[in-house]
Structures are given as structure tokens and as C-alpha cells.
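# Architecture and fold: a report
So the chains spell out like this:
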Amino acid sequence: MLVVTDLHKSYATPRGPLPILDRVSLTLNQGEAAAIMGPSGSGKSTLLYVLGALEPPTSGSVSIDGTDPYALGERDQAAFRGARIGFVFQDHLLLPQLSAIDNVLAPTVVARDGGPFSDRARLLLTRVGLGDRMDHRPAELSGGERQRVAVARALIRQPALVLCDEPTGNLDRTAAEGVADVLADLATDGRTTVVVVTHSPSLAARFGRRYEVVDRTLIDLAGAPPDRM
């Protein structure tokens, strides 16, 4: 479960604080999925980084399964992030020297718990349609296939929350639809809370809840005026 309460984020500048997010509140239960839209520079990626315990809020709180990651010490926060949050970025960020399955297992190796996850890595790669490409390195995969490996990697430690930052932004239409299918399937599994930041209305339409960052706050499009839909 993800609970965000009255979140504010600003950056210090020579001219004073630069506000990025203001009065953001959001609650997603386990298994719920949401898309967050907004123009470039609106603050949606900053919001994602705050949700992912990568960028502390200026004020307000973030709770993931009852834990505020920003109340933890640096080492415990990093461990929590690695175990409970999965990330999919616009650039897949795969390690070029590793096979697809070893890239999926990379987060478990860092956590020193790679052994028990080998079977899960195979299952995840099969689930995203890469059962016959497990031993291929990133250079031998298409852009869409590399991004699907990144999705499998985000799921390897069975996180409570998966955050996706423009996951189809660098893909052609066919590849983007394939990745969108994978994310939509993930969003209906009932186990993982999913938040996707995207410019794509077609990708956003795949998710049950849709929001837009407007004037530094989060607007629920289910209750927005028709001209904002």
C-alpha cells in the first residue's frame, strides 16, 4: 500500500526555494495501478523519485506498506528500497556484459540472495515473452525486449511497489505496445502496486487510475472537468 500525505518538494536556488510539488496526496492499495501524466517539467518524474525513496520530500510523508523510508537510516533506507521497490526507467539501464537472466538477477546478487531467485528469474522472463532469449546479451535484443528485461528485473525481489518512468518513451510503436501489454498484465495481478509516469495517453489508458500533475499538485482525472480528460 502506498500513502502520500501533503507532500511538498522544492529545491534551493540563489533566488530562494524553487517549488516543484505542492500539496500532493495519493493513496493506492495493494494491487492498484495508476498512471501519472503531465508535460515535461511539471514535476512528475520528481514525484516518482520521491515515491521511490530516491529524493526526500521537503515536507509531507510517504508510506510504503506502513514504512516511511525517509525515517530510516541511510543503510536501512537503501536496503528497504532494494527489497520493496522496483524501478523501470526510460533507458533500460541493463549491464551490457550480462545475459538477460543475469541482468534480472543483478538486484539479488547485490543483496546476496541470488541463489533462490534463479527459478523466479526464468519464470519472469517467460512471463514477459523472453523465455527463449534468456542467455542473450542486451546488444542481441531489440529495444522492446531490453525494456521487458528491465520490467522482469524490477519484479525479481517481489517488491510492494513498482515505479516506471516513461517506460515506453524510447520505443517505436510496436515495441511500446508490447511493453504496455506487460505492464498492463502486471497491473492486474493483484499483488503489486504500480505507478507509471508517461506522456502516452494510450499507455495511461491501460491503468485503472489516472492522474495529472497540474500547477505542482496531483489531479485525479476521474474527477477532473471534461476539458481536462
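Quick look at the structure, then. Everything numeric here is computed off the predicted structure, so don't read it as measured data.

## Thoughts on the overall build of the chain
When helices and strands are counted, the chain shows seven helices and nine strands. Its C-alpha radius of gyration of 18 Å places the chain within 12% of the 17 Å reference for a compact globule of 229 residues. Principal axes of the C-alpha set define a box for the chain whose edges measure 50 × 45 × 35 Å. Counting over 229 residues, the chain shows a buried share of 47%. Once local pairs closer than 6 in sequence are excluded, the contacts in the chain between residues at least 24 apart make up 69%. Accessible surface for the chain amounts to roughly 11,200 Å². Of this, 50% is attributable to carbon and sulfur atoms.

## Considerations on helix α1 (residues 44-51)
The buried count for α1 comes to six of eight residues, which makes it a mostly enclosed element. Looking one or two residues past α1, alanine 53 carries a phi angle of roughly 60°, positive in sign.

## Description of the packing of helix α4 (residues 118-127) against helix α5 (residues 143-155)
For the pair α4 and α5, interaxial distance at closest approach is 9 Å and the crossing angle is 140°. By the criterion of interaxial angle, the relationship of α4 to α5 is oblique. Viewed along their axes, α4 and α5 form a crossing whose handedness is right-handed. Judged by residue contacts, Arg120, Leu124, Leu125 and Arg127 of α4 engage Val149, Ala152 and Leu155 from α5.

## Looking at the pairing of strand β8 (residues 209-214)
Where strand β3 (residues 33-37) and β8 come together, four bridges link them in parallel fashion. Paired with isoleucine 36 across the bridge in β8 is tyrosine 211. Looking at chain direction, β8 and strand β9 (residues 217-220) are connected through four bridges and run antiparallel. For tyrosine 211, the partnering residue across the bridge sits in β9 and is aspartate 220. Linking β8 back to β9 in an antiparallel pair, the connection comprises two residues, with aspartate 215 at a positive phi of about 50°.

Thresholds, definitions, all that
- Residues numbered from 1 in each chain as written.
- Predicted model: local features only at pLDDT ≥ 70, side-chain atom pairs only at ≥ 80, totals over all residues.
- Heavy atoms only, no water.
- Helix = DSSP H or I, 4+ residues; strand = E, 2+ residues; numbered from the N terminus.
- Rg over C-alpha atoms; globule rule 2.2 N^0.38 Å.
- Buried < 20%, exposed > 50% of the residue type's maximum accessible area, 1.4 Å probe, protein only.
- Contact = heavy atoms within 4.5 Å.
- Areas by Shrake-Rupley, 256 points an atom, 1.4 Å probe, with all protein chains shown as cover.
- Axes fitted to C-alpha atoms, helices over the stretch in contact; angles between N-to-C directions.
- Parallel < 35°, antiparallel > 145°, perpendicular 65-115°, else oblique.
- Left-handed = near helix turned anticlockwise from the far one by under 90°.
- Pairing = 2+ DSSP bridges.

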